[in-house]
Amino acid sequence: MHQPVQLEEHWPGEPDFGSTFGDEEIAAILGVFRSTQTWAHRYDRHYQEAFEAEFAARVGMPHAVSVNSAGVGLDLAVTCLDAAPGDEVITCAINFPGTHLAVIGCGLRPVLCEPDPLTLNLDPAEVARRMTRRTRGVLVTHMNGLPADVGAIGTAVEEAARRLHIAVPPVIVDAARAQGAATPEGPVGRQGWVTVFSFHRKKLMTTLGEGGMLVTACGETAARLRRLRSFGAGRSWGSSYRMTEFQAAVGSVQLRRVDGLNDNRIRLARRRTRRLSAVGGWQTPPEPAGFRHVYYLYTLVLAEGSPVGARDRLMRRLQQRHRVGTVIANPPTYRRHRLIARETADQGPFPIAEELGRRLLCPPLHPLMSDVENVRIADALVECAEALGLG
Ligand SMILES: *Cc1c(COP(=O)(O)O)cnc(C)c1O
């Protein structure tokens, strides 16, 4: 039996400033301030353009369009589907609610799918099953840092489209949690029609707390996204979705750091997995061959058949006894959002998504977490599992 672990601090479940700021970011901000200190200075967007060019080069795509959040990025990507009211977009039930709201906000219908129970990601076979003649898009989220199999999903979509005699619906990828991750086809951002990244303060890198980026190989779509971002550029509808020069300057610095930060996450996660694998009672996060998991979150799923309420008891004990916070990322979106529940009320049941929503939890992981902290959190988990009779 382990001794109770005394921690000095509270470890939040999903820490803010997931990527932290250092001297280089501070210097970048001061540089922007200094550039404005004559009355004749001109704001010419060169910070944003540089950040976009660097981001595009890193992903290996021709176009990157910066915006002020990934939520807005998803809204704009779905807008570019040009679907008619009531048309359908296929998406996984286990998801971030904003992802489904982007579909609903455009007057479209989110058609929910079951996740793969091991990866939590959209299951390609489910996509094929749920596609209809009204399917106009597929919205794939890379859950918690492990990319979905976009290659297999693309193949399933093409086959189903042929069978249904419809145009192949474009794949939009929500990579808010997966910057720097990779599938066997290459880095996240290179698959799909449009990929959306987030620089929110919790994410893998951040542009002063808010921000987002869209990447695409399609020049026409990129030009349209730029018009939508800035009042239609004198031609069409648009609004104001730009990021600031301060955000872009910090983004350029964070972009140089993100791989190193992700490497820290991966190292910590693998050590934790080694420690937690010794105890039964849960499924540790998988790393399927050929996929790079960047561990935006460390997802534990209690074993099938674990007692009702065990996950909630585990979370409570972790918090009260060890001051280790956890988050549930994510239950099916309709469980946490009334509008999504109303819009999808005629769908389901989704037994796999429901079961995962009852059994998953994410203890904290942060690129600056020390090995000692990481071990303490793992020990706290083991203590709780033993005390609660899991495994
Ligand atoms: C955080 C997040 C978003 C939204 O990002 P913002 O930049 O905060 O708007 C969208 N999708 C997923 C999967 C996310 O985790």
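The rules behind these values
- Counting of residues starts from 1 at the beginning of each chain's written sequence and follows it residue by residue.
- Two thresholds apply to this predicted model, a pLDDT of at least 70 for residue-level local features and 80 or more for giving and counting side-chain atom pairs, whereas whole-chain, interface and lining totals are computed over all residues.
- As a rule here, side-chain values cover all heavy atoms of the structure and leave hydrogens and water aside.
- Numbering of helices and strands runs from the N terminus; a helix is a DSSP stretch of H or I covering at least four residues, while a strand is a stretch of E covering at least two.
- Radius of gyration here uses only the C-alpha atoms, and the compact-globule reference equals 2.2 Å multiplied by the residue count raised to the power 0.38.
- Throughout this description, buried means an accessible area under 20% of the type-specific maximum (1.4 Å probe, protein chains only), exposed means over 50%, and partly exposed covers the range between.
- Note that accessible areas follow from Shrake-Rupley with a 1.4 Å probe, and for residues the cover is restricted to the protein chains shown.
- When charges are tallied, Lys and Arg are placed among the positive residues and Asp and Glu among the negative ones, while His and the ends of the chain are skipped.
- For charged residues, the charge sits on one atom: NZ in Lys, CZ in Arg, CG in Asp, CD in Glu.
- Nearness is defined per residue: one heavy atom within 4 Å of the molecule or strand is enough.
- Distance and chemistry together define a polar contact, namely a pair of N or O atoms within 3.5 Å, with one atom able to donate a hydrogen and the other to accept it when in protein, and with adjacent residues in sequence counting only for side-chain atoms on both sides.
- Every definition here rests on a 1 Å grid over the protein atoms only: cavities are sets of points where a 1.4 Å probe fits but cannot get out, pockets are open sets enclosed by protein on both sides within 12 Å along at least five of seven lines, and lining residues have some atom within 4 Å of a point.
- Assignment of a molecule to a cavity or pocket requires that more than half of its atoms lie within 2 Å of the corresponding grid points.
- Note that Gly is not counted as nonpolar here; it falls among the polar residues with everything else outside the nonpolar set of Ala, Val, Leu, Ile, Met, Phe, Trp, Tyr, Cys and Pro and the charged set of Asp, Glu, Lys and Arg.
- Side-chain rings of Phe, Tyr and Trp, where Trp is taken by its six-membered ring, are said to pair if the distance between their centres is within 6.5 Å; with planes under 30 degrees apart they count as stacked, over 60 as edge-to-face, and otherwise as tilted.
- Should the NZ of a Lys or the CZ of an Arg lie within 6 Å of a ring centre and within 35 degrees of the ring normal, that charge is described as sitting over the ring.
- Note that domain bounds follow an automatic or database assignment of domains.
- Contacts are assigned to residue pairs with any non-hydrogen atoms lying within 4.5 Å of each other.
- Two parts placed together each lose some accessible area under a 1.4 Å probe, and the buried area is that loss summed for both.
- Salt bridges are identified by distance alone: a Lys or Arg side-chain nitrogen within 4 Å of an Asp or Glu carboxyl oxygen.
- Paired strands are those between which DSSP finds at least two bridges.
- A fitted line through C-alpha atoms serves as each axis, taken over the contacting stretch for helices, and the angle formed by two N-to-C directions is quoted from 0 to 180°.

1. Some points on the overall build of the protein
Scanning the protein for helices and strands turns up twelve helices and twelve strands. Its C-alpha atoms give the protein a radius of gyration of 21 Å, within 12% of the compact-globule value 21 Å for 391 residues. Reported as C-alpha extents along the three principal axes, the dimensions of the protein are approximately 70 × 60 × 35 Å. Looking at the protein as a whole, 54% of its 391 residues are labelled buried. Carbon together with sulfur atoms contributes 53% to the accessible area of the protein, which is approximately 16,500 Å² in total. Side-chain charges in the protein split into 46 positive and 41 negative, and the spacing between the mean points of these groups amounts to 2 Å.

2. So, the site of the ligand
Neighbouring residues of the ligand: 14 residues in total, closest Gly 71, Asp 174, Arg 177, Ser 198 and Lys 203. At 2.7 Å, a side-chain N or O of Ser 198 approaches an oxygen atom of the ligand. In this structure, Lys 203 approaches the ligand through a side-chain N or O atom, which is 3.0 Å from an oxygen atom. In isolation the ligand exposes 380 Å². Once the protein is present, 91% of that is buried. Here the ligand is seated within the largest pocket. Considering each element in turn, the shell around the ligand owes the most residues, three residues, to helix H3 (residues 70-79). Classifying every residue of the shell around the ligand gives four nonpolar, seven polar and three charged.

3. So, the packing of aromatic side chains
Summed over the entire model, instances satisfying the criterion amount to seven aromatic pairs. Ring centres 4.8 Å apart and planes at 55 degrees place the aromatic pair Phe 33 and Phe 246 in the tilted group. Of this pair, Phe 33 sits in helix H1 (residues 23-34) while Phe 246 sits in helix H8 (residues 245-277); the two residues are 213 residues apart in sequence, bridging distant segments of the chain. Phe 246 sits in the partly exposed class, given a relative accessible area of 21%. On the basis of an interplanar angle of 20 degrees and a centroid distance of 6.1 Å, the ring pair of Tyr 295 and Tyr 298 is categorised as stacked. Take Tyr 298: its relative accessible area is 0%, and that puts it in the buried class. Each residue in the set Phe 51, Phe 55, Phe 197 and Phe 199 is aromatic and connected to the rest through ring pairs, giving one cluster. One cation-aromatic arrangement involves Lys 203 over Phe 96; the distance from NZ or CZ to the ring centre is 5.8 Å.

4. A closer look at the domain arrangement of the protein
A common way to state how big an interface is: give the accessible area lost once the parts meet. Domains assigned within the protein are domain 1 (23-254) and domain 2 (258-387). For domain 1 versus domain 2, the separation of C-alpha centres amounts to 25 Å. Residue-level contacts link 42 residues of domain 1 with 40 residues of domain 2. The contact between domain 1 and domain 2 buries some 3,400 Å² in all, and 63% of this surface belongs to carbon and sulfur atoms. Considering only the surface of domain 1 that becomes buried against domain 2, Glu 114, Asn 144 and Leu 204 emerge as the three largest contributors, covering 18% of it. Seen at the junction of domain 1 and domain 2, the total is two salt bridges. Our count for the domain 1 to domain 2 interface comes out at 21 residue pairs in polar contact (both at pLDDT 80 or more). Among the secondary structure elements, those contributing two or more residues to the side of domain 1 that touches domain 2 are helix H4 (97-105), strand E3 (109-113) and strand E6 (182-183). Of the residues forming the side of domain 1 that touches domain 2, the biggest block, five residues, is contributed by E3. Looking at the side of domain 1 that touches domain 2 residue by residue, the classes come out as 24 nonpolar, nine polar and nine charged.

5. As for the sheet that holds E3
With respect to topology, seven strands assemble into an open sheet ordered E1-E9-E8-E5-E4-E2-E3, the strand pairing being mixed. This sheet does not close on itself; its edge strands, each paired only once, are strand E1 (63-67) and E3. Averaged over all pairs of adjacent strands, the angle between strand axes in this sheet comes to 20 degrees, irrespective of strand direction. As judged from the four bridges shared by strand E4 (residues 135-141) and strand E5 (residues 171-174), these two strands associate in the parallel manner. Residue pairing in the sheet places Leu 139 in a bridge with Ile 172 of E5. Relative to strand E8 (residues 194-198), H3 is tilted by about 165 degrees, and along the sheet it contacts E1, E4, E5, E8 and strand E9 (212-216).

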